[in-house]
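The residues making up each chain are set out below.
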Amino acid sequence: MKKPSILIVFLFFGISILAKENLIAVSGDIKTTDLYIIEEAAPQTYIALATDQEIEQLKKQKITLEILDKAPLGKDYYFVWPVAETRERVAKVGTILAEYTGMDVQREFHRCYLVHVPKENEDALFKLRAEKNYLEFDRAVFKDAPPIGFKGYDPKTWTYNQLIQDMVDAVSVDTLRKMVLHMQNIQSRHASYSFNRDEMVPWFCGLLREYGCDSVFAQNIGSSSYNAPNPVGIRLGKKYPSYTRYFLVGGHPDAMPRRSTNYGADDNATGATMVLEAARVMQNYNFEHTIVYMGFNAEEVGLLGSAHWAKKAEQRGDTILGVISYDMAGHTNNYEQFRIRYYSGLPGCYELAQVFDRATSTYTKLDLVVSKMDQINGWSDHASFWRKGFVAAYGMEREMSSGVYHTLGDTVDAPGGLNNFPFFTNTVRAAVATTAVKECAAVMDQVGGIVRHPIKKAVASITTQVFSRNSITIFLTGNINPHTLSLRIVNVSGKHIKTIPLRNERSSIQTVTWDGTDTTQRRVASGLYFVELNYEGLKLVEKIMLN
């Protein structure tokens, strides 16, 4: 990862409070405080928001703290790990507020600066040879127990399953190469360019539909700065067909550098392709639990896609059986090894890493290294779930493609890019095996005959953008036929609010607007509403929140 600017929206802070906030660093055991914790910057050192009154209370409690900045909301802050940059070069893009050690991305990243970066210096920031992690003003969650659902790993009950071996063996290096090349050939997958939204996302969703997902959609990530939806495919479990209890497999499809042309073969066409190939080889099998296949979009600009999903999952009360995020899986120089990382501070993460380890050794020839992490970090999408208390693990090649990392040199077969397809194939097989074992999604049997869900062929996605109470734009992408589709707004009780007419023409894209009124042209109250796209009794749904 690597993280840029977003418009920060706070649901719990009124305008009168904003001016009173301070950005502070506190040290020691702070779990007994009510501070708004943002990030763990170093072992036992936390970045937090605090009012003047809270700071006085902390001082009375003899808690060590440092005021980093006043009135921070609305400003952009980054953790910057220099790769080949001096402190002076980092200081030219913004104000260095603090310096930390102990949060290593790789062994060469030992220093970490917390920097306030003005918006006009954003381009200069991205030109630095450094890791960048946007400081997401979202509360970190410290939980003493894993979410309900993940049962962990019991070696006594581990058994070999030929069905898993069959789907693992079905992983095709030719298919992997084809997918990666397709992503590489999209002009730019950076979240700030329309190629991401208009080319990559529909292609990703199209494959998920082809591979038999029961629901496929492009999820609006809630950012006004980046229109880069998450492509999502949901395969309902045969035994537990739930949309709120699932195992999640993800990898970010966006790429760096921030230019109108980029390639991003290893970072991260590999991780995104792992998700798609898993969906492909697993489509002919039934699973006990629902599987969510997901492209975490806008990862390179702040983990926006995964953070949005994790936040919504927490609000819905979802039970996530486990999350595995894949980020860079096809580069080897000194080490032909894959690394799975877990967070020691969240119960269940180590057990999930054990499941990955055992599935890998049982069904593949991949050389795996399991690594413990003692801090919540923001390097990739796993961190979004750790912050919300969801069990997750992070898969990545052992030696990052540092020579061409985030450059135009990250291409297929380049010495420093995606240079090892046999290794990449084994990583995908490990991903498939882990998802399919009984501790995760739990394969049941083979599908007798695949029945494609009609709405998957009719509709690619619904995305929405709320500009104001009287201007809500609804984007429809797919095979839009107004004679077979209907679009309406309903409230949380399922009551019909308004039907939105579609243009009387067949098209692949339609954009319509809801003015925030009901059928009598009266303005609706604030609250949660749903956009329903109906096709012969089947529905595709997207949420809208009106404030």
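My aim in this report is to walk through the structure given alongside it, one point at a time. (Residues numbered from 1 in each chain as written. Predicted model: local features only at pLDDT ≥ 70, side-chain atom pairs only at ≥ 80, totals over all residues. Heavy atoms only, no water.)

Here we look at the pattern of salt bridges
Consideration 1: Following the criterion strictly, the structure yields 15 salt bridges and no others.
Consideration 2: Of the charged contacts, one joins Asp-69 and Lys-75 as a salt bridge, the two residues approaching to 3.3 Å between their closest N and O atoms.
Consideration 3: Classification of Asp-69 by relative accessible area gives buried; the value is 17%.
Consideration 4: Overall, the relative accessible area of 25% leaves Lys-75 in the partly exposed class.
Consideration 5: For the salt bridge of Lys-498 with Asp-515, the shortest nitrogen-to-oxygen distance reads 3.4 Å. Of this pair, Lys-498 sits in strand 22 (residues 496–500) while Asp-515 sits in the loop between strand 23 (507–514) and strand 24 (527–535), placing them 17 residues apart in sequence.
Consideration 6: With a relative accessible area of 29%, Asp-515 lands in the partly exposed category. (Salt bridge = Lys/Arg side-chain N within 4 Å of Asp/Glu carboxyl O. Buried < 20%, exposed > 50% of the residue type's maximum accessible area, 1.4 Å probe, protein only. Helix = DSSP H or I, 4+ residues; strand = E, 2+ residues; numbered from the N terminus.)

Section: the sheet that holds strand 2 (residues 36–42)
Consideration 1: Spatially, 2-3-1-4 is the arrangement adopted by the 4 strands of the open sheet, whose pairing is antiparallel. The sheet is open, and its two borders are formed by strand 2 and strand 4 (64–70), each paired with just one other strand. Shown here is a sheet whose adjacent strand axes are inclined to one another by a mean of 30°, direction ignored.
Consideration 2: Two elements, strand 1 (residues 21–27) and strand 4, share 6 bridges in a ladder whose sense is antiparallel. Bridged to Ser-27 within strand 4 is Thr-64.
Consideration 3: The sheet contacts of helix 2 (residues 52–60) involve strand 1, strand 3 (45–51) and strand 4, and relative to strand 3 the element is tilted by about 125°. (Pairing = 2+ DSSP bridges. Axes fitted to C-alpha atoms, helices over the stretch in contact; angles between N-to-C directions. Contact = heavy atoms within 4.5 Å.)

Looking at the environment of Thr-473
Consideration 1: Its location among the elements puts Thr-473 in strand 20 (residues 471–480).
Consideration 2: When the C-alpha atoms of Thr-473 and Thr-463 are compared, they prove to be 8.4 Å apart, with 10 residues separating the residues in sequence.

Brief notes about the sheet that holds strand 8 (residues 130–134)
Consideration 1: Judged by pairing direction, the sheet is antiparallel, and its 4 strands sit side by side in the order 6-7-5-8 without closing on themselves. Each edge of the open sheet is held by one strand with a lone partner, namely strand 6 (95–101) and strand 8. In this sheet, neighbouring strand axes are inclined to one another by 25° on average, regardless of whether the strands run parallel or antiparallel.
Consideration 2: Here 6 bridges tie strand 6 to strand 7 (residues 111–116), and the two strands are oriented antiparallel to one another.

Some details on unusual backbone geometry
Consideration 1: That bond from Met-256 to Pro-257 is cis: its omega, 5°, falls within 30 degrees of zero.
Consideration 2: Mapping Pro-257 onto the fold places it in the loop between strand 11 (245–251) and helix 8 (265–282).
Consideration 3: Between Asp-267 and Asn-268 the backbone carries a cis peptide bond, its omega angle lying at 5°.
Consideration 4: Looking at the secondary structure, you find Asn-268 in helix 8.

Notes on the environment of Val-80
Consideration 1: With respect to the element layout, Val-80 can be found in strand 5 (residues 77–82).
Consideration 2: Among the residues examined, Val-80 registers a relative accessible area of 0% and is labelled buried.
Consideration 3: Sequence-distant contacts of Val-80, defined by excluding residues within four places in its chain, comprise Val-90, Arg-111, Cys-112, Tyr-113, Val-115, Leu-125, Ala-130 and Glu-131.

Overview of the nonpolar core
Consideration 1: Judged by nonpolar contacts, the single largest core of 118 residues is most densely connected at Leu-23, Ile-47, Tyr-100, Met-282, Trp-309 and Phe-385.
Consideration 2: The biggest single contributor to this core is helix 8, with 10 residues.
Consideration 3: The next biggest cluster of nonpolar side chains, apart from the first, holds 20 residues, and it includes Ile-497, Ile-500, Val-512 and Leu-546. (Core = buried A, V, L, I, M, F, W, Y, C linked by side-chain atoms within 4.5 Å.)

A few points about the packing of aromatic side chains
Consideration 1: Counted under the stated rule, the structure contains 11 aromatic pairs.
Consideration 2: Aromatic side chains Tyr-246 and Trp-309 sit 6.2 Å apart centroid to centroid with 75° between the ring planes, which places their arrangement in the edge-to-face category. Remark: Trp-309 occurs in helix 9 (residues 304–316) and Tyr-246 occurs in strand 11; sequence separation between them is 63 residues.
Consideration 3: Members of the aromatic cluster, each reached through a chain of ring pairs, are Phe-296, Phe-385 and Phe-390.
Consideration 4: Positioned above the aromatic ring of Phe-421 is the side chain of Arg-177, whose terminal nitrogen or guanidinium carbon lies 4.2 Å from the ring centre.
Consideration 5: The side chain of Arg-316 reaches across the aromatic face of Trp-309, ending 5.4 Å from its centre. (Phe/Tyr/Trp six-rings, centres within 6.5 Å; stacked < 30°, edge-to-face > 60°. Lys NZ or Arg CZ within 6 Å of the ring centre and 35° of its normal.)

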